[in-house]
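For reference, the chains in residue letters:
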Amino acid sequence: MSFDLIVKNANLPNGATGVDIACRNGIIEAVEAGISADAERVIDAEGKLVSPPFIDSHFHMDATLSLGLPRMNRSGTLLEGIALWGELKEILTVEAVIERALKYCDLAVSQGLLAIRTHVDVCDDRLTGVKGLLEVREKVRDYIDLQLVAFPQDGLYRSANAEKNLLKALDMGVDIVGGIPHFERTMDDGARSVARLCEIAAERGLMVDMHCDETDDPMSRHIETLAFETQRLRLQGRVAGSHLTSMHSMDNYYVSKLLPLIAEAGVHAIANPLINITLQGRHDTYPRRRGQTRVPELRSYGVNVAFGHDCVMDPWYSMGSADMLEVASMGLHVAQMTSRDDIRYCYECVTSHPAKAMGLEGYGIEKGCKADFVVLQARDTIEAIRLKATRLNVVKSGRVIASTPARQTELSLQDRPSMVDPSSYAPNEN
């Protein structure tokens, strides 16, 4: 029996070591020790971590890599970023959206990021971003699972043609219904928008992913409405609330009521650590709020929590490199989730948890799963986050589509080693 690819001597995220992974026709056919068979290509992982690919469950690809167009966000605030995006939309072209998005996808592949859910603004009557990203989705379909969310960024009721444009975008092939209730003119309009958008999703059999309560205002409670509408319309498991940053400002009593409602409704929670810690708390002096939603508390209630990158070099965020390990690292620092178990959990927030939120099939390192994975210059998931580990090989459908040399540094020091490998420093786990 011959395989297309065998990876030998791998460590897995579940703690298994010394495992071989055999792939054929784009599927993992065996995960066990000591596979003795021929293969067109053999990779010796040498005790390194082999992980399912990274997943970004919240991104804005229509704006990515547009930093400086038409000008810089001088204040660094969310509201100036929104205003800047409004200026950019007026001069946006389909060709520019496609060019920047494809360039970002190249970067994503190099980082082992092979599934992305991106929101695309539908408040532009030309639907420029929609047209561009539908074409990008087709171009990258062989190596990136790209989900598109119809996002009425200026508000479903605040923007005159938002609902009409959203329905048109869905008719064109956009996958998911989005929203931004806290940006409507009133709390009542926000609640109405949640209900209407969930009804559209229910009518069409679609998922929902809503920017929800991305504010420091503790009275912004649209996640409660989202959980209710999920129950009313029987959308359990198909709905995500993204950001949820107002929860960091809510009093503990109200949150103790809210968390069971989210869990009961089966709503996924998507935090965006890099952006939440940057944009929230801007009106604070000191003490200054951290901004990220209550990840440990959501976890304790069994809510599926995923992390997103949100932005890379765009009107809202001038940093970023498509590195979901950076996202996981910021998430654990902000949430003070630094136990060994907590760090492993944060790794799951950029792998298996977003896979569940996005409904990805065949994800994982098990027999019968898609042969999609990443070989990392790290021995386990904790070390991977600590080092922002180099992606040695990125595999899609059993074929290596990206490779990076191992990170090493030569030293010229008397009586010291000639080479430093960052993955050679192991903690004492005893």
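Right, let's walk through the structure included here. Because the structure is a prediction, the values reported are computed rather than measured.

**Digging into the packing of aromatic side chains**
In this structure the tally under the stated criterion is three aromatic pairs. Taking 4.5 Å as the distance between ring centres and 20 degrees as the angle between the ring planes, the aromatic pair formed by Phe-59 and Tyr-104 counts as stacked. Here Tyr-104 lies in helix α2 (residues 94-110) and Phe-59 lies in strand β6 (residues 54-59), a separation of 45 residues in the sequence. Residue classification places Tyr-104 among the buried positions, given a relative accessible area of 0%. Taking the ring centre of Tyr-157 as reference, the NZ or CZ of Arg-192 above it sits at 4.1 Å. Across from the ring centre of Tyr-254, 3.7 Å away, lies the NZ or CZ of Arg-221, which sits over that ring.

**Observations concerning the pattern of salt bridges**
Summed over the entire model, instances satisfying the criterion amount to 26 salt bridges. The shortest N-O distance in the salt bridge between Arg-126 and Asp-124 comes to 3.4 Å. Exposure remark for Arg-126: the relative accessible area of 39% places this residue in the partly exposed category. Two residues, Arg-137 and Asp-175, come together in a salt bridge whose shortest N-O distance is 3.0 Å. With a gap of 38 residues between them, Arg-137 in helix α3 (residues 128-140) and Asp-175 in the loop between α4 (162-172) and β9 (176-179) connect regions that are remote in the sequence. Judged by its relative accessible area of 22%, Arg-137 falls in the partly exposed class.

**Some thoughts on helix α1 (residues 78-91)**
Taking 1.5 Å per residue, 14 residues should reach 20 Å; α1 reaches 21 Å between its end C-alpha atoms and fits that length. Leu-78, Glu-80, Gly-81, Ile-82, Leu-84, Trp-85, Leu-88 and Lys-89 are the residues of α1 that are buried. On the buried face of α1, the contacting elements are β7 (113-121) and α8 (273-279).

**Thoughts on the environment of Thr-230**
By secondary structure assignment, the location of Thr-230 is in helix α6 (residues 222-232). The exposure class of Thr-230 is buried, given its relative accessible area of 0%. Taking C-alpha positions, Thr-230 is 9.5 Å from Glu-199, a pair spaced 31 residues apart along the chain. Those residues in contact with Thr-230 that lie beyond four places of it in its chain are Leu-235, Gln-236, Val-239, Ala-265 and Val-267.

**Considering the pairing of β6**
For β6, the buried fraction is high: six of the six residues fall into the buried class. In this structure, β6 lies alongside β7, joined through four bridges in parallel fashion. Note that in β7 the partner of Asp-56 across the bridge is Ile-116.

**Notes on helix α7 (residues 252-265)**
When the terminal C-alpha atoms of α7 are compared, their 20 Å separation across 14 residues agrees well with the 20 Å that a helix rising 1.5 Å per residue should span. Those residues of α7 that fall on the buried side of the exposure criterion are Tyr-254, Val-255, Leu-258, Leu-259, Ile-262 and Ala-265. Down the axis of α7, the buried set is contained in an arc of 135 degrees. They therefore lie on one face. Exposed residues pointing more than 90 degrees away from the buried face of α7 are listed as Tyr-253 and Glu-264. Of the surrounding elements, those touching the buried residues of α7 are α6 and α9 (295-300). Capping of α7 at its N-terminal end is provided by Asp-251; its side-chain oxygen lies 3.1 Å from the backbone amide nitrogen of Tyr-253. Among the residues trailing α7, Gly-266 stands out with phi positive, at a value near 65 degrees.

Cut-offs used in this document
- Residues numbered from 1 in each chain as written.
- Predicted model: local features only at pLDDT ≥ 70, side-chain atom pairs only at ≥ 80, totals over all residues.
- Heavy atoms only, no water.
- Phe/Tyr/Trp six-rings, centres within 6.5 Å; stacked < 30°, edge-to-face > 60°.
- Helix = DSSP H or I, 4+ residues; strand = E, 2+ residues; numbered from the N terminus.
- Buried < 20%, exposed > 50% of the residue type's maximum accessible area, 1.4 Å probe, protein only.
- Lys NZ or Arg CZ within 6 Å of the ring centre and 35° of its normal.
- Salt bridge = Lys/Arg side-chain N within 4 Å of Asp/Glu carboxyl O.
- Expected span 1.5 Å × (residues − 1).
- Contact = heavy atoms within 4.5 Å.
- Pairing = 2+ DSSP bridges.
- Arc of directions from axis to C-beta.
- Polar contact = N/O pair within 3.5 Å; in protein donor to acceptor, adjacent residues only side chain to side chain.

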